[in-house]
Amino acid sequence: MSLANGRPYLAIPGPSVMPDRVLQAMHRPAPNIYEGALPEMVDTIFPDLKAVARTRGEVAIYIANGHGAWEAALSNVLSRGDRVLVLSTGHFAKGWGAIAERFGAVVEVLDFGPRSGVDASAVEERLRADTGHAIRAVLCVQVDTASSVRNNVPAIRDAMDAAGHPALLLLDCIACLACDDLRMDDWGVDVVVTGSQKGLMTPPGLGFVFFNEKAAEARARADCVTSYWDWVPRTRADIFYQYFFGTAPTHHLFALREALDMLVREEGLDAALARHAVLARAVWAAFDAWDTPGGVSLNIADPASRSHAVTALRCTAPHGAQLRSWMEHEAGVTLGIGLGMAAPGTPEAAGFFRIGHMGHVNPHMVLGVLASLQAGMAALDVPHAPGGVDAATRVIAQAARPAGSVAAGTTPAGRVSVCCGD
Ligand SMILES: *Cc1c(COP(=O)(O)O)cnc(C)c1O
């Protein structure tokens, strides 16, 4: 017997849940790729993408996953022999740096470990020491999906400015675009890379690179750029065919249009960010309540450094792997594996797991995951204090009281205070 025979739920940190509307938008015959409905529709995608990244810069769309977008960004700004500074807070920035190395860059890693964000003062110190300005680019993730840390991007920008250093700031927002607030222009980010399959609720296969004027100037000098990754024709095409350097990813684009309708035109970006903040706080509240020696705990202790898109958990091996297995086979929920926290396949790796709460998620989904986890911990005798699900429901209830009602310990303003404030 398995209790899991109902609608399954993939709660890994990407690909995220795809709305039925997004899937249905793809269910159509192939369109003409030269003129008509498709090019007209794609014209409307660019401004909405820029609105989501809050930039007046450019955006190039690639048929690629996040790794492709990484390579696209680097190829447009780097030359062989350039020095690159990688700010590592888990797993993903190092992966990006490895791609830079294959381009012939000299890569240097500042490693801040998997349990806290980038220390901006260390970045300032390193850049001040680079008096000859050999470092051409700083690579950083906004959210590291392995550790679930969220970096303070404005602090990193301030550190670069304080050092008076001209390096480009390249930011990976693949995990968290439309989940954690991003203000590309206000924060002085030169290049942002992201993908379709996480906060943007679209199947994997589209990669996006946003860039500002400073990055466009760097492109003019870069000698790593190749025909396929060149962002110039992708942003200034004379004919539609050039936007994608060949046949457009037709059905992905229709899916993306539908997802952007939902996100930008219907819910609104600010409301979506506020929703993610509430859901993330519900997840944290549950784990804070359950926390007990020998049990499961949040990987990131400081709430200000936690992502609203994904939460990484640590526990005594093999509890993590057992919980994932129980959740899949008894509750119909697939949780994410631990990534980059211990060598894959080692006993230690079985002590980590992750929950994705990005994109098309709401309280019944998140509370369902948390309540199922509580049942799983009980079934498997994983030590936990009581009250996790109650704590999560209190966060949801407090954030969604009817307008005008005042709960003990809250104010009517409590409802708006969840908006993008933290
Ligand atoms: C998912 C993710 C990637 C990798 O994206 P792929 O589409 O799997 O290539 C890179 N960086 C971060 C922060 C991610 O969350």
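Starting afresh in each chain, residues are numbered from 1 along the sequence in its written order. A pLDDT threshold of at least 70 governs which residues receive local features in this predicted model, and a stricter bar of 80 or more applies before side-chain atom pairs are shown or counted, although totals over entire chains, interfaces and linings include all residues. Excluding hydrogens and water, the side-chain values take into account all heavy atoms of the structure.

As recorded in an unreviewed UniProt entry, the chain goes by the name Aminotransferase, listed as coming from Meridianimarinicoccus roseus. Listed in UniProt under the heading Sequence similarities (unreviewed entry), the comment for the chain reads: "Belongs to the class-V pyridoxal-phosphate-dependent aminotransferase family." UniProt positions are given in the numbering used here, feature names are shortened, and annotations may be inferred rather than shown by experiment. As stated in UniProt under Cofactor (unreviewed entry), the record for the chain gives "pyridoxal 5'-phosphate".

K.L.:
Teacher, can you tell me more about the sheet that holds strand E8 (residues 168-172) here?
P.N.:
Working definition: the strands of a sheet are paired by backbone hydrogen bonds and lie parallel or antiparallel to each other. Taken together, 7 strands build an open sheet; the order of strands is E2-E10-E9-E8-E5-E3-E4 and the sheet is mixed. The open sheet is flanked by strand E2 (58-63) and strand E4 (106-111), the only strands paired with a single partner. When the angles between neighbouring strand axes are averaged without regard to direction, this sheet yields 20°. Strand pairing requires that DSSP identify at least two bridges connecting the strands. Put simply, DSSP H or I for four residues or longer makes a helix, DSSP E for two residues or longer makes a strand, and each gets a number counted from the N terminus. Bridge count for strand E3 (residues 83-88) against E4 is 6 bridges, and the pairing is parallel. Bridged to valine 86 within E4 is valine 109. Strands E3, strand E5 (135-141) and E8 of the sheet are contacted by helix H6 (residues 153-162), whose axis makes an angle of about 165° with E8. Axis lines are fitted to C-alpha atoms, over the contacting stretch for helices. Their N-to-C directions set the angle, which ranges from 0 to 180 degrees. Throughout, a residue-residue contact means that at least one pair of heavy atoms, one from each residue, lies within 4.5 Å.

K.L.:
So what exactly am I meant to see when it comes to the sheet that holds strand E14 (residues 352-356) here?
P.N.:
The 5 strands lie next to each other as E1-E13-E14-E12-E11, forming an open sheet whose pairing is mixed. Each edge of the sheet is formed by a strand with only one pairing partner; in this case those strands are strand E1 (9-11) and strand E11 (297-298). Pairing geometry for strand E13 (residues 333-337) and E14, over 2 bridges, is antiparallel. Residue pairing in the sheet places glycine 336 in a bridge with arginine 354 of E14. Contacting E13 and E14, helix H12 (residues 319-331) runs over the sheet at an angle of about 155° to E13.

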